[in-house]
Amino acid sequence: MGSHPELAFRALHTDLPVMVKIRELSKDVKDLMPLGQGAVYWQPPEQALEKVKDKVWVPSTSQYGTHEGLIELREALMKKLQHENGLHKSSIMVTAGSNQGFLNLVLTLCDVKDSVVLFAPYFFNAYMSFQMTGITNILIGPSVSETLLPDADWLERVLSETKPTPKLVSITNPGNPSGTCIPDPLLKRISEICRRAGTWLVMDNAYEYFTYDGLKHSCVEGNHVVNLFSFSKAYGMMGWRVGYIAYPAEAQSLRTQLLKVQDNVAICASMISQSSAVGCLEVGSEWVRNRVKSLVRNRELLLGALSPIGEDAVKGGGGAIYIWAKLPEKFRDDFQVVCWLAKRHGVMLLPGSACGLAGCVRVTYGAIRETECEVAARRLKAGLEELMRDGMVE
């Protein structure tokens, strides 16, 4: 191949997506059980799929839509925010998935010189969005070791002592990759810390319906808070790419800047996908909760499969579709362990180093049905038993 002009420094210094690495690895392994990528096994509701059949022939479906999303969808989302999330002072912009929503916010709220805050283990795509937009001062806060919840004391200290004050704090709730659900008092304290500091708080609520053991998801609202939501996991719409930003209604200047970014990134989310999202909302969240209940057994199976590394090494599982596990100290190269488990035992995990904590793995229990999960759990347990006993033997 011939030479070519130089590539962008920002892109070159952005992490290669861990999911790209996993997909490359998957090509060489047959009958691999997918416990790595965050996904669910179900499709969108039948009613939602039926709704879009006729929409295919409607001329407006093939035209550009409004930047902020279909009016019908936004009206339904406003009702959902008020009734389910307790958000009464928010406006909405529909995006092509919540990842695009997060990128829109980074481009709108942050300059290259700004510092931003994530808590380890963090969502790798959030970290990459900062890298890709040229932000290098990424402050990584600790999570409480026993719970993996964000350390609010650390946050309060850093926001008060760091000058200039960090521009943005990003948190997922329930946690990806931690699988933890943030209690309402802690969430409100984090919000108040950010408000006093004059820092934006971006909350990613992609797994709002995925809670277990009596735990409940909650939201916060304020002129410094932006909430992100997604249809991907809840309604099985991963490939349809629909999410939305709920931002302070009073912040008209924020809306103006978001419109600039939206026009240059996507213009609008797919029109047919937005129509399907309307159908999902008509079916309602109880449809989602019934499917989340089917994941409880998967979680139990995989918690059991992780028993060889010790109960204290396993965290999360109270929210989202993830369990977080710390490997023994001698296995700090988690990607090597992930590769070994995939090739020798036919089960794929996600390396924790992609989320800022080396020597750990993220286990996903949403992408397969119970019968498949039983197979995956047996493989994972056998692999970890061999790892603890003999190491990574060939």
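Refer to the structure presented above.
Residues numbered from 1 in each chain as written. Predicted model: local features only at pLDDT ≥ 70, side-chain atom pairs only at ≥ 80, totals over all residues. Heavy atoms only, no water.

Undergrad: Looking at this structure, how should I read the pairing of strand β8 (residues 243-248)?
TA: As a general feature of sheets, a regular strand has side chains that alternate between the two faces. The element β8 is largely enclosed, with a buried count of six among its six residues. In this sheet, β8 lies alongside strand β2 (residues 90-95) in antiparallel orientation, the contact comprising six bridges. Following the sheet pairing, S90 is matched in β8 by P248. With four bridges connecting them, strand β7 (residues 225-230) and β8 associate as antiparallel partners. What sits directly across from F229, in β8, is Y244. (Buried < 20%, exposed > 50% of the residue type's maximum accessible area, 1.4 Å probe, protein only. Helix = DSSP H or I, 4+ residues; strand = E, 2+ residues; numbered from the N terminus. Pairing = 2+ DSSP bridges.)

Undergrad: What's the story with helix α4 (residues 71-85) in this structure? I'm lost.
TA: Note: α-helices contain 3.6 residues per turn, so residues at a spacing of three or four share the same orientation. Across its 15 residues, α4 extends 20 Å between first and last C-alpha, which sits within 8% of the 21 Å expected from 1.5 Å per residue. Here the buried face of α4 lies against β2, β7, β8 and α10 (271-283). Positive phi shows up at G86, right after α4, with a value of about 70°. (Expected span 1.5 Å × (residues − 1). Contact = heavy atoms within 4.5 Å.)

Undergrad: How should the packing of α4 against α10 be read in this particular structure?
TA: Each pair of packed helices gets described by two things: the angle between the helix axes and the distance between those axes. Contact pair α4 / α10: the axes reach a minimum separation of 9 Å and the direction vectors enclose 35°. When the axes of α4 and α10 are compared, the crossing they make is left-handed. Mapping the contact onto sequence places E72, L73, A76 and L77 in α4 and Q274, A277, V278, L281 and E282 in α10. Residue composition of the contact of α4 with α10, grouped by class: six nonpolar, one polar and two charged. (Axes fitted to C-alpha atoms, helices over the stretch in contact; angles between N-to-C directions. Left-handed = near helix turned anticlockwise from the far one by under 90°. Nonpolar A, V, L, I, M, F, W, Y, C, P; charged D, E, K, R; others polar.)

Undergrad: I would appreciate a short explanation of the packing of aromatic side chains in the present structure.
TA: Both the distance between ring centres and the angle between the ring planes are used here to describe each pair of aromatic rings. Summed over all chains, the structure comprises 13 aromatic pairs. Measuring from ring centre to ring centre gives 5.5 Å for Y207 and Y322, while their planes differ by 75°; the resulting arrangement is edge-to-face. Residue Y207 is found in the loop between β6 (200-204) and β7, and its partner Y322 is found in strand β10 (residues 322-326); the two are separated by 115 residues along the sequence. The residues Y207 and Y322 share a single accessibility class, namely buried. For the pair F229 and Y244, a centre-to-centre distance of 5.1 Å together with 15° between the ring planes defines the contact as stacked. Of the two residues, F229 is situated in strand β7 and Y244 in strand β8; the sequence distance between them amounts to 15 residues. By relative accessible area, F229 is classed as buried at 0%. For Y244, a relative accessible area of 2% translates into the label buried. Each member of the aromatic cluster is reached from another via a ring pair, and the members are Y41, W42, Y207, F210 and Y322. When the ring centre of F335 is taken as reference, the NZ or CZ atom of K21 above it lies at 5.8 Å. (Phe/Tyr/Trp six-rings, centres within 6.5 Å; stacked < 30°, edge-to-face > 60°. Lys NZ or Arg CZ within 6 Å of the ring centre and 35° of its normal.)

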